[in-house]
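What the coordinates show
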Amino acid sequence: MSSWKDPQIAGVRALLAARAPDPAAPPTFAERRAGMDAVGEAGALPTGCYHEPHALAGVKGERVVPQGVVEGRRLLYLHGGGYTIGSPRSHRPMVARIAEAAKAIALVPDYRLGPETRFPGAVEDATAVYRALLEAGTDPGQVAVAGDSAGGGLAMALALSLKAEGLPQPSSYVSISPWADLTQSGASYSAKRETDPVITKAGLDQMALAYLGGLDPHDPLASPIFGDFEGVAPVLIQTGSEEALLSDSITLADVLAHARVEVRLEVWPEMIHVFQAYGAVLNAARRAVRVAGAWMDERFA
């Protein structure tokens, strides 16, 4: 497919192609982390929004405070990056826009990454931060959980972890382009191989190995599509029609629906992996963020 009805997505694709690393000299995890953080730190925040260091349960992170926050609302945001890269810094502009749309203060934990910390370290950190929020007196009905890519899968793993521990569910979850199946078995890995400019099966295989270290990828806390979600809070899934992870979103929605969870799956035509990150140049990204904000706004206590 050489042309796109949305002219803005063509510009994003050109930008990504210009930034693509040399396949003959792939960057290390450390180099990718530094590059991803640099891009995030260079991005603009909404007017009046600020960020500051913040820690809960011994997990360092950031607190992102937009204008127009409703008293008591919190957005627990779990960044993406294949469980090996990414940080609150890399995702700061997108988190700020989502928090503004949800009228909530965002808390973004800098959870432990592989290969330095193996599975289930990320799940343990996310669960500890959520538990600390409740212990500090936060009403779970005033908390929403969101995440993108690996963070979208981690949000769903957190839902399962909270259920297993008998902790109250938050008001809702928003899962953006979730990596929810670390077996990489979905049909879209092949079907969208030529149209996804970001994700490859080989790249995810490498990240899964770095995170799991040989542990079973069928564990529901690693691959939430294998979990039992009965009783968890409502879930909004947003994905792009042109991404290799499309199958993960579709399968996850199917699993949630069979568990009688309120779930809404949005497949945005022509969009790519975590297209919401390109809000500075992409109208569809801004619309999707507004939709996600409204979803959370309607479900806060």
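All of these numbers come straight from a predicted model, not from anything done at the bench.

The rules behind the values
- Residues numbered from 1 in each chain as written.
- Predicted model: local features only at pLDDT ≥ 70, side-chain atom pairs only at ≥ 80, totals over all residues.
- Heavy atoms only, no water.
- Core = buried A, V, L, I, M, F, W, Y, C linked by side-chain atoms within 4.5 Å.
- Buried < 20%, exposed > 50% of the residue type's maximum accessible area, 1.4 Å probe, protein only.
- Helix = DSSP H or I, 4+ residues; strand = E, 2+ residues; numbered from the N terminus.
- Contact = heavy atoms within 4.5 Å.
- Phe/Tyr/Trp six-rings, centres within 6.5 Å; stacked < 30°, edge-to-face > 60°.

A word on the nonpolar core
Formed by 59 residues in total, the largest nonpolar core has its most connected members in Tyr83, Leu154, Trp179, Phe229 and Leu256. The element best represented in this core is helix α5 (residues 150-165), accounting for nine residues. Look past the residues within four positions of leucine 154 in its chain and what remains in contact with it is Leu78, Tyr83, Tyr111, Ala122, Val123 and Ala126. In terms of nonpolar packing, the next biggest core, distinct from the first, is built from 24 residues, Val64, Leu75, Val95 and Ile98 among them.

Focus on the packing of aromatic side chains
Within the structure shown, the criterion is met by four aromatic pairs. Geometrically, the ring pair formed by tyrosine 83 and tryptophan 179 is tilted, given 5.9 Å between the ring centres and 40° between the ring planes. You can see tyrosine 83 sitting in the loop between β3 (74-78) and α3 (92-102) and its partner tryptophan 179 sitting in the loop between β6 (172-176) and α6 (188-191), a full 96 residues away along the chain. In terms of burial, tyrosine 83 and tryptophan 179 fall into one category: buried. Here the aromatic rings of phenylalanine 119 and tyrosine 211 are separated by 5.7 Å at their centres, their planes lie at 75°, and the arrangement is edge-to-face. One end of the pair, phenylalanine 119, is in the loop between β4 (105-109) and α4 (121-135); the other, tyrosine 211, is in helix α7 (residues 201-212), and 92 residues separate them in sequence. The exposure classification of phenylalanine 119 matches that of tyrosine 211, with both residues buried.

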